[in-house]
Amino acid sequence: QVQLVESGGGLVQPGGSLRLSCAASGSIQSIVGMGWYRQAPGKQRELVATITTSGSTNYVDSIKGRFSISRDDANETVYLQMNSMKLEDTAVYYCHANLGIRGFSWGQGTQVTVSS
């Protein structure tokens, strides 16, 4: 099993920045990739960004150029740097780990609110 704990959410004004962190523990050797999803009120959960163990990244079009995903293998942590934030970025952000044949793990979610 892999446990994921997110932190760093909060309230930010439009145009501002936040950095989310996701600390992984447990059977981390089974992780083949990690990512961030988000779910806004009344909407389905959507993929935001992913990063593989080799460092390859992928982003949803709506956040390209504004968000950046990175990883710190020494601390088993994945980050999501969010810049130039917009009202529509408001959502609960979830950390996700792809465990290959073992399935997936999810964090508990952290609220991000963009409001003036």
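All figures in this text were calculated on a predicted structure; none of them were measured in a lab.

K.L.:
Got a minute to help me understand the pairing of strand S8 (residues 77–82) in this structure?
P.N.:
Note on strand geometry: in a regular strand, side chains alternate between the two faces of the sheet. Here S8 lies mainly inside the structure; 5 of its 6 residues are buried. Bridging between strand S3 (residues 18–26) and S8 involves 6 bridges; their strand directions are antiparallel. Across the sheet, residue Leu20 finds its bridge partner in S8, namely Leu80. One ladder, built from 6 bridges, connects strand S7 (residues 67–72) with S8; its direction is antiparallel. The residue of S8 that forms the bridge with Phe67 is Met82. Connecting the antiparallel pair S7 and S8 is a turn made up of 4 residues, with Glu76 showing a positive phi of about 55°.

Rules behind the numbers
Residues numbered from 1 in each chain as written. Predicted model: local features only at pLDDT ≥ 70, side-chain atom pairs only at ≥ 80, totals over all residues. Heavy atoms only, no water. Buried < 20%, exposed > 50% of the residue type's maximum accessible area, 1.4 Å probe, protein only. Helix = DSSP H or I, 4+ residues; strand = E, 2+ residues; numbered from the N terminus. Pairing = 2+ DSSP bridges.

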